[in-house]
Amino acid sequence: MGNTVAREDFEWVYTDQPHADRRKEILAKHPEIKALMKPDYNLIWVVVLMVLAQLTAFYLVKDLDWKWVVFWAYVFGSCISHSMTLAIHEISHNSAFGNSKAMWNRWFGIFANLPLGLPYSISFKRYHMDHHRYLGGDGIDVDIPTNFEGWFFCTPFRKFIWIVLQPFFYAIRPLCINPKPITRLEIINLLAQLAFDVAIYYLWGVKSIFYMLAGSVLGLGLHPISGHFIAEHYMFLKGHETYSYYGPLNLLTFNVGYHNEHHDFPNIPGKSLPLVKKIAAEYYDNLPQYNSWIKVLYDFVMDDTISPYSRMKRQLKGEVKQD
């Protein structure tokens with residue numbers, strides 16, 4: 001089971017997040033970065049192709065033996081599903097159609113959500129904007145684990161289970177930390193998803209449904225791409241709140257690994273974040289960074305000084321505006 005980690009609470013800080021100040025400094029020194037603040041229309045076609053790829057997979061697995069359904073759900077479906085959640089992340093920042101067509105992005109996010117099997121896109125958008133505005137904000141940022149998660153998942157074995165169950169915790173955490181009234185768009189997202197799931201079941205049966213749901217759960221749990229959940233903000237080095245990853249899996253994840261760059265410039269699509277790093281290299285090259293999400297997962301499990309408590313947390317002051 002391993003030893004209990006020493007940390008018994010979050011790292012409470014009383015300073016603002018660093019991203020706003022760094023953004024101002026970088027734009028003052030490199031105003032050409034403003035030219036990157038525009039939609040990535042290629043994202044539209046990539047998402048459409050991903051949806052078509054999953055529809056093809058739903059058809060192909062319908063008559064396979066169960067062992068092969070499980071195999072392809074993990075080897076292929078999980079990668080597409082996790083990648084699609086990061087496409088939805090891009091869409092939540094209006095990267096597909098731009099800020100002037102915000103509703104087009106919301107409808108497109110509902111479309112991108114379909115092959116995941118569970119309604120996700122609209123609720124994610126609402127909570128993710130809070131994560132950017134109030135990074136680490138107590139009671140607001142639902143990316144921060146609950147006290148129970150920090151207290152209980154404190155040994156290597158329990159941390160391993162926590163990683164496996166990450167989809168479950170990401171789903172219930174908003175209800176525990178910061179529940180919000182359900183909106184009309186969330187109801188539409190739910191109804192569209194239910195209609196799609198029923199259609200897949202009616203057309204191709206239970207194996208296609210299992211492949212779809214299992215791929216989503218497996219892809220967001222114990223999976224190499226899931227290393228980004230921990231790599232982004234868990235404090236492996238004291239005093240450093242956000243970390244970037246510059247490894248090859250960025251090719252499957254819309255460059256979400258460029259996470260310092262993303263928080264500095266959330267209105268720049270993932271496609272252009274490597275260029276941000278290149279232009280403002282003096283700001284990013286010397287920040288702590290990763291080249292392997294698999295190593296991040298291993299270190300998180302095995303390092304007794306790291307746990308779900310290893311996050312910076314802030315007591316917010318003044319008016320808080322949420323989506």
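Everything below is about the structure printed above this text.
Here the structure is a predicted model, which means the values were calculated and not measured. (Residues numbered from 1 in each chain as written. Predicted model: local features only at pLDDT ≥ 70, side-chain atom pairs only at ≥ 80, totals over all residues. Heavy atoms only, no water.)

**Student:** Describe the packing of aromatic side chains, with residues and values.
**Tutor:** Considering all chains together, one arrives at 26 aromatic pairs under this definition. Here Phe10 and Tyr309 contribute two aromatic rings whose centre-to-centre distance is 5.0 Å and whose plane-to-plane angle is 85°, an arrangement assigned as edge-to-face. Of this pair, Phe10 sits in the segment before β1 (11–13) while Tyr309 sits in the loop between α15 (293–302) and β4 (312–314), and the two are 299 residues apart along the sequence. Judged by relative accessible area, which is 5%, Phe10 ranks as buried. Tyr309 gets classed as buried once you look at its relative accessible area, which sits at 8%. (Phe/Tyr/Trp six-rings, centres within 6.5 Å; stacked < 30°, edge-to-face > 60°. Helix = DSSP H or I, 4+ residues; strand = E, 2+ residues; numbered from the N terminus. Buried < 20%, exposed > 50% of the residue type's maximum accessible area, 1.4 Å probe, protein only.)

**Student:** Which residues make up the side chain of His259, and what values do they have?
**Tutor:** Inspection of the secondary structure assignment puts His259 in helix α12 (residues 259–264). With sequence-adjacent residues up to four places away left out, His259 is seen in contact with Glu232, His233, Thr242, Tyr243 and Ser244. (Contact = heavy atoms within 4.5 Å.)

**Student:** Describe the nonpolar core, naming the residues involved and giving the relevant values.
**Tutor:** With 38 residues, the main nonpolar core has Val47, Met84, Trp162 and Ile230 as its most contacted residues. Elements supplying a minimum of two residues to this core: α2 (42–61), α3 (66–92), α4 (102–113), α7 (156–164), α11 (227–231) and α15. Setting aside residues no more than four positions away along its own chain, Ile230 makes contact with Trp162, Ile163, Phe236, Val296, Leu297 and Phe300. (Core = buried A, V, L, I, M, F, W, Y, C linked by side-chain atoms within 4.5 Å.)

**Student:** Describe a nonpolar patch on the surface, listing the residues and the values that go with them.
**Tutor:** A surface patch of nonpolar side chains, about 600 Å² in accessible area, is lined by Trp68, Phe71, Trp72, Tyr74, Val75, Phe76 and Leu218. The element best represented in the nonpolar patch is α3, accounting for six residues. Inspection of the secondary structure assignment puts Leu218 in helix α10 (residues 206–219). Judged by its relative accessible area of 31%, Leu218 falls in the partly exposed class. (Patch = residues over 30% accessible without salt bridge, like charges linked within 9 Å, V, L, I, M, F, W, Y side chains within 5 Å. Areas by Shrake-Rupley, 256 points an atom, 1.4 Å probe, with all protein chains shown as cover. Salt bridge = Lys/Arg side-chain N within 4 Å of Asp/Glu carboxyl O.)

**Student:** Hey, could you go over the environment of Arg106 for me, with residue numbers and the actual values?
**Tutor:** Locating Arg106 in the fold gives a position in helix α4. Among the residues examined, Arg106 registers a relative accessible area of 8% and is labelled buried. Through-space distance from the C-alpha of Arg106 to that of Phe124 is 11 Å; in sequence the pair is 18 residues apart. Excluding residues that lie within four positions of it along the chain, Arg106 makes contacts with Ile91, Ser92, Asn94, Ile122, Lys125 and Leu185.

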